[in-house]
Amino acid sequence: MIAESASDENIETAELLTIERIVNHLPIFAEYDMDRTRRVSQTVLDLFGVEDGLDALFGLVKEGLPEKLYETAYALACDVAAADGRLQESELRMLAEIRYELRIDRLHGAAIERGARARHTTL
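These figures come from a predicted structure and were not determined experimentally. (Residues numbered from 1 in each chain as written. Predicted model: local features only at pLDDT ≥ 70, side-chain atom pairs only at ≥ 80, totals over all residues. Heavy atoms only, no water.)

Peer 1: Even after reading the chapter, I still don't get the packing of helix α5 (residues 70-82) against helix α7 (residues 106-119), so can you show me in this structure?
Peer 2: To characterise two packed helices, one gives the angle between the axes of the helices and the distance between these axes. Relative to each other, α5 and α7 sit at 40 degrees, their axes nearing to 9 Å. The element α5 and its partner α7 pack so that their crossing is right-handed. Across the interface between the two elements, E71, Y74, A75, C78, D79 and A82 of α5 pack against H108, G109, I112, E113, A116 and R119 of α7. For the contact of α5 with α7, the per-class residue count stands at six nonpolar, two polar and four charged. (Axes fitted to C-alpha atoms, helices over the stretch in contact; angles between N-to-C directions. Helix = DSSP H or I, 4+ residues; strand = E, 2+ residues; numbered from the N terminus. Left-handed = near helix turned anticlockwise from the far one by under 90°. Contact = heavy atoms within 4.5 Å. Nonpolar A, V, L, I, M, F, W, Y, C, P; charged D, E, K, R; others polar.)

What follows is the structure, given as structure tokens:
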């Protein structure tokens, strides 16, 4: 979620609030230590600043996340991307990279993306 938010080099308040809401309310984060959020965020930002940092980031994600949660991770990244109501090209590229790295089927990915768009549509 942090990587998706930072992908356009501008972390929006709406994205941060979405991340906080997700962590506070979804059962997958019931045992999550909120104090880790700052360390995780800093690690992601540090990796964005080094060569091959994205590869290292995905290595950490794959190491720490069970494969059965890959679609969940992609769905949460889509929610963060959609949170501010607009998608920058860099955010779309990051979603494509996440989809590729986590081996999200194209059809499943499209359904997840459509759900995020529907949840974040405004009048």
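Peer 1: When you look at the nonpolar core in this model, what are you seeing that I'm missing?
Peer 2: Of all hydrophobic cores here, the largest spans 26 residues; its most connected members are Y74, C78, L95 and I98. Only α1 (2-6), α2 (13-25), α3 (36-48), α4 (53-64), α5, α6 (89-101) and α7 provide two or more residues apiece to this core. (Core = buried A, V, L, I, M, F, W, Y, C linked by side-chain atoms within 4.5 Å. Buried < 20%, exposed > 50% of the residue type's maximum accessible area, 1.4 Å probe, protein only.)

Peer 1: What is the right way to read the packing of α3 against α4 from this model?
Peer 2: Look at α3 against α4: their axes get within 7 Å of each other, and the N-to-C directions meet at 145 degrees. From α3, T43, V44, L47 and F48 reach across to α4, where they touch G53, L54, A56, L57 and L60. Across the contact of α3 with α4, the residue classes tally to seven nonpolar, two polar and no charged.

Peer 1: How should α7 be read in this particular structure?
Peer 2: Helical geometry: 3.6 residues make up each α-helical turn, so side chains three or four residues apart lie on a common side. Counted at 1.5 Å a residue, the expected span for α7 with its 14 residues is 20 Å, and the 20 Å between its end C-alpha atoms agrees. Burial in α7 covers these residues: G109, I112 and A116. Each buried residue of α7 lies within a common arc of 65 degrees when the element is viewed along its axis, so the set occupies one face. The outward face of α7, more than 90 degrees from its buried face, is lined by the exposed residues L107 and A111. The distance from a side-chain oxygen at the start of α7 to the backbone nitrogen of L107 is 3.0 Å, and the residue carrying that oxygen is D105. (Expected span 1.5 Å × (residues − 1). Arc of directions from axis to C-beta. Polar contact = N/O pair within 3.5 Å; in protein donor to acceptor, adjacent residues only side chain to side chain.)

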